[in-house]
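Examining the three-dimensional arrangement
What follows is the residue order along each chain.
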Amino acid sequence: MEKYIFEESSFFSAEIANLLKTTYFVMPNWKWCVLAIAITLGIVLRPIIQFVLKEIKKHNPFTKKFPTSFSAHFLNLKVERPIAWILVIFFWFATGDAIGLTGKFEIYYNHFLRGLLALYAIRLVYYAVDAGGNVLKEMAAKTESTYDDQLVPFATKSMKVLVVVLGILIALQSFGLNVMSILAGLGLGGLALALAAQDTAANLFGSITILFDHPFKVGDWVKIKDMEGTVEDIGFRSTRIRTFYNSVITIPNAMMAKETIDNMGIRPARRIRQILGLTYETPPEKIEQFCEQVRYLITKHPKVNPETVTVRFNNYNASSLDVLVNFHLEVFTGAEELEHQQAIFIEILKIAAGLKVDFAYPTQTVYYKGTDEVPALPLGQT
């Protein structure tokens with residue numbers, strides 16, 4: 001009985017061995033089995049490796065000690081996924097070499113893995129450029145010059161484009177393709193592409209002009225034709241402006257380089273000009289007192305340039321005696337301007353109330369024939 005079982009198991013072992021040695025498609029079956037196990041193992045191990053790398057990154061004392069370093073910025077990005085995939089791809093390469101893949105299947109297998117490797121390597125270098133840009137951005141923020149604040153984002157975007165383009169070319173070269181001959185052989189197609197890219201090239205040179213001429217920077221309040229708002233981003237092709245309606249205007253840089261730009265953000269002071277209309281019943285003495293007190297109030301304000309203050313009775317209007325109020329606030333943002341302007345205007349109302357000076361509104365005098373009364377009615381009434 002035992003002899004029979006032994007012979008039976010030996011028979012099955014021999015059958016399995018023969019089956020594994022048999023070549024049904026391109027290579028022996030045992031190589032297919034090993035390759036399938038390696039691919040499955042790599043797919044299973046990839047999220048595990050990614051999780052381990054994420055935990056190591058989370059508890060890394062170096063990034064906590066040096067939060068502004070390149071490595072800290074690099075590890076703060078989602079680099080664990082491409083690193084995990086690169087390790088798995090190397091494992092698959094090693095498996096293919098170990099089992100001795102041959103023929104066209106080896107070529108296709110290696111080309112596929114090289115394409116994956118190039119994809120995740122480009123992504124990893126892309127993250128490295130992003131981290132370097134963040135480090136330079138922090139360094140630029142510490143300097144007094146605003147030129148480097150504009151230069152760093154532009155240089156970072158340029159490096160990212162360069163990394164992607166060079167990565168694709170190197171990947172094509174690794175597949176055995178002659179990249180230079182492909183580029184040289186574009187011929188008429190390349191000429192058509194160049195003609196189609198004229199606007200892109202014009203916008204690129206426009207962005208370079210903006211970069212070196214720096215008529216404005218991110219955060220400035222600008223006026224361009226009938227467009228007005230705060231600069232949000234200066235890119236390769238266009239500049240984005242956030243309007244005061246909270247919408248975003250995208251303007252091609254070629255147009256920005258040619259148009260007249262009124263930069264409201266670099267004003268050392270902001271002018272406030274108002275016409276205060278007093279009623280015709282206001283006595284001259286009250287007008288003088290009102291002007292003097294308003295002038296004193298504005299001159300003593302800490303954010304007002306006293307040399308620019310003008311408060312004068314300057315016009316006989318149709319329904320009011322006009323007092324010109326003109327001064328400059330030394331502030332840098334629109335929010336500050338509105339805050340101090342409101343405080344001053346409220347104090348002017350208090351001065352008018354204290355002197356019992358009334359502000360005028362449009363009125364119309366209607367004369368009735370045959371009567372000595374001259375009633376004054378508000379504008380629009382009869």
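The coordinates are above.
Now for a look at the structure at hand.

Cut-offs used in this document
- Residues numbered from 1 in each chain as written.
- Predicted model: local features only at pLDDT ≥ 70, side-chain atom pairs only at ≥ 80, totals over all residues.
- Heavy atoms only, no water.
- Helix = DSSP H or I, 4+ residues; strand = E, 2+ residues; numbered from the N terminus.
- Buried < 20%, exposed > 50% of the residue type's maximum accessible area, 1.4 Å probe, protein only.
- Contact = heavy atoms within 4.5 Å.
- Areas by Shrake-Rupley, 256 points an atom, 1.4 Å probe, with all protein chains shown as cover.
- Pairing = 2+ DSSP bridges.
- Axes fitted to C-alpha atoms, helices over the stretch in contact; angles between N-to-C directions.
- Patch = residues over 30% accessible without salt bridge, like charges linked within 9 Å, V, L, I, M, F, W, Y side chains within 5 Å.
- Salt bridge = Lys/Arg side-chain N within 4 Å of Asp/Glu carboxyl O.
- Core = buried A, V, L, I, M, F, W, Y, C linked by side-chain atoms within 4.5 Å.

What follows concerns the overall build of the protein chain. In terms of regular secondary structure, the protein chain is built from 13 helices and 12 strands. A total of 382 residues make up the protein chain; the buried ones form 31% of that total. Here the contacts in the protein chain between residues at least 6 apart in sequence split such that 60% fall between residues at least 24 apart. Within the structure as shown, the protein chain displays about 24,600 Å² of accessible surface, and the carbon and sulfur contribution to it stands at 63%.

One open sheet accounts for three strands, arranged 8-10-9; its pairing is antiparallel. Strands with a single pairing partner mark the edges of an open sheet, and in this sheet they are strand 8 (270–278) and strand 9 (310–316). Mean inter-strand twist for the sheet, computed between neighbouring axes without regard to direction, equals 25 degrees. Pairing of strand 8 with strand 10 (residues 321–329) involves nine bridges; the strand directions are antiparallel.

Despite not being glycine, asparagine 246 has its phi angle at roughly 70 degrees, a positive value. Assignment of secondary structure puts asparagine 246 in the loop between strand 5 (238–243) and strand 6 (248–252). Overall, the relative accessible area of 57% leaves asparagine 246 in the exposed class. Not every positive phi belongs to a glycine, and lysine 356 is a case in point at roughly 60 degrees. Positionally, lysine 356 belongs in the loop between helix 13 (334–355) and strand 11 (363–365).

A contiguous nonpolar surface patch, about 690 Å² in accessible area, is contributed by Leu41, Val44, Leu45, Ile48, Phe51, Val52, Ile56 and Phe91. Here the nonpolar patch gets seven residues from one element, more than from any other, and that element is helix 2 (residues 29–58). As for its placement among the helices and strands, phenylalanine 91 is situated in helix 5 (residues 80–99).

It is worth spelling out the nonpolar core at this point. Residues Phe290, Ile298, Val311 and Phe327 are the most contacted members of the largest nonpolar core, which totals 23 residues. Secondary structure elements with two or more residues in this core: strand 8, helix 12 (284–299), strand 10 and helix 13. One finds Leu77, Val79, Leu101 and Leu113 within the second-largest nonpolar core, a separate group that totals 22 residues.

Per the counting criterion, the structure on display carries five salt bridges. The salt bridge partner of lysine 160 is aspartate 130, with a shortest N-O separation of 3.3 Å. Taken together, the residues lysine 160 in helix 7 (residues 147–174) and aspartate 130 in helix 6 (residues 103–141) connect sequence positions 30 residues apart. Here lysine 160 and aspartate 130 have matching classes, each one buried.

In short, shape yes, function no, at least from these values alone.
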